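Here are the chains, one letter per residue:
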Amino acid sequence: DAGVTQSPTHLIKTRGQHVTLRCSPISGHKSVSWYQQVLGQGPQFIFQYYEKEERGRGNFPDRFSARQFPNYSSELNVNALLLGDSALYLCASSLVVEDMGTDTQYFGPGTRLTVL
Amino acid sequence: QQPVQSPQAVILREGEDAVINCSSSKALYSVHWYRQKHGEAPVFLMILLKGGEQKGHEKISASFNEKKQQSSLYLTASQLSYSGTYFCGTEKVTGGTSYGKLTFGQGTILTVHP
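All values reported here derive from a predicted model rather than from experimental measurement.

Regarding the sheet that holds strand β1 (residues 5-7) of chain A
All names here are of chain A. On the basis of which strands lie adjacent, the open sheet formed by four strands has the order β1-β3-β8-β7 and antiparallel pairing. Taken across any chain shown, the strands that pair with only one partner, and hence form the sheet edges, are β1 and β7 (64-68). The average angle at which neighbouring strand axes cross in this sheet is 15 degrees, direction not considered. In this sheet, strand β3 (residues 19-24) lies alongside β1 in antiparallel orientation, the contact comprising three bridges. Directly across from Gln6, in β3, lies its bridge partner Cys23.

Let's talk about the interface of chain A and chain B
Facing the 26 residues of chain A at the interface are 20 residues of chain B. Taken together, the two surfaces of chain A and chain B that pack against each other cover about 1,800 Å², and 58% of this comes from carbon and sulfur. The tally of links between chain A and chain B comes to zero salt bridges. Applying the counting criterion to the chain A and chain B interface returns three residue pairs in polar contact (both at pLDDT 80 or more). Put simply, the parts of the chain that give the side of chain A that touches chain B at least two residues each are β4 (31-37), β5 (44-50), β6 (53-57) and β9 (87-94) of chain A. It is β4(A) that contributes the most residues to the side of chain A that touches chain B, three residues altogether. Its residues assigned to classes, the side of chain A that touches chain B shows ten nonpolar, eleven polar and five charged.

Section: the environment of A:Gln6
Residues and elements named next belong to chain A. Residue placement: Gln6 occurs in strand β1. On the basis of relative accessibility, which here comes to 10%, the residue Gln6 falls in the buried class. Note: C-alpha distance between Gln6 and Ser31 (25 residues apart in sequence) is 15 Å. For Gln6, the contacting residues outside a window of four places in its chain are Arg22, Cys23, Trp34, Tyr89, Leu90, Cys91, Gly108, Pro109, Gly110 and Thr111. Within polar-contact distance, the side chain of Gln6 engages the backbone oxygen of Tyr89 at 3.0 Å. At 2.9 Å, the side chain of Gln6 forms a polar contact with the backbone nitrogen of Gly110.

Some remarks on the pattern of salt bridges
Side chains bearing opposite charge may pair, as long as their charged atoms lie close to each other. Residue and element names in this part refer to chain A. Tallying each qualifying case throughout the model produces six salt bridges over all chains. The salt bridge involving Glu51 is made with Lys52; its shortest N-O contact spans 3.7 Å. Salt bridges here are not isolated pairs; linked through shared partners, they connect Arg22, Arg67 and Glu75.

Here is what the cut-offs are and how they apply
Residues numbered from 1 in each chain as written. Chains lettered and ligands numbered in written order. Predicted model: local features only at pLDDT ≥ 70, side-chain atom pairs only at ≥ 80, totals over all residues. Heavy atoms only, no water. Pairing = 2+ DSSP bridges. Helix = DSSP H or I, 4+ residues; strand = E, 2+ residues; numbered from the N terminus. Axes fitted to C-alpha atoms, helices over the stretch in contact; angles between N-to-C directions. Contact = heavy atoms within 4.5 Å. Buried area = accessible area lost by both parts, 1.4 Å probe. Salt bridge = Lys/Arg side-chain N within 4 Å of Asp/Glu carboxyl O. Polar contact = N/O pair within 3.5 Å; in protein donor to acceptor, adjacent residues only side chain to side chain. Nonpolar A, V, L, I, M, F, W, Y, C, P; charged D, E, K, R; others polar. Buried < 20%, exposed > 50% of the residue type's maximum accessible area, 1.4 Å probe, protein only.

Keep in mind these values describe shape, not function.
Following this line, the structure appears as structure tokens:
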């Protein structure tokens, strides 16, 4: 079975530009979460979407936005890019079994964003 | 709010054992352990729920001490393939569920030499 896929793999942008990152979850998974991982640190939670609705948002500015489509794929958008946005952006999908209280998240390979 | 992992780095010879700790100041509902190799995605290892559960995965096991809000990852008879950065991701106890929102520690770099 295909795992979580993300595109593009690498991206180079300049300050002030806009970027769109894409994620396709594992088949059957309805939840997608986005994380930012700066070199040398653990992933930091940005957004979580479940059944096309935002269910959680991390401590990121409004320049960051996301959405989930009817096929459960997701996009992360970042406007007015800053140098500090340079990072690995990870997407994770999970099945979400109600009443379990938690769920296994499976990460994609990530998109390496470099802002010059 | 970020869990604290210790040690920051550990170097082993093949066959040696290691323990990685993850501590939180918040009441935790679950702890998720991942291993990430350089340039790759984090790979899921196991989940532990509150209740002091201990789990095992081949020669890698973990425990969760609810009283201390601490989880420990045990790697026994280490292999070269165990090298990588280990992260714990935590979920706090909340009124509802918090699917998909993990707070990760800063990571522990494990290096296994022949």
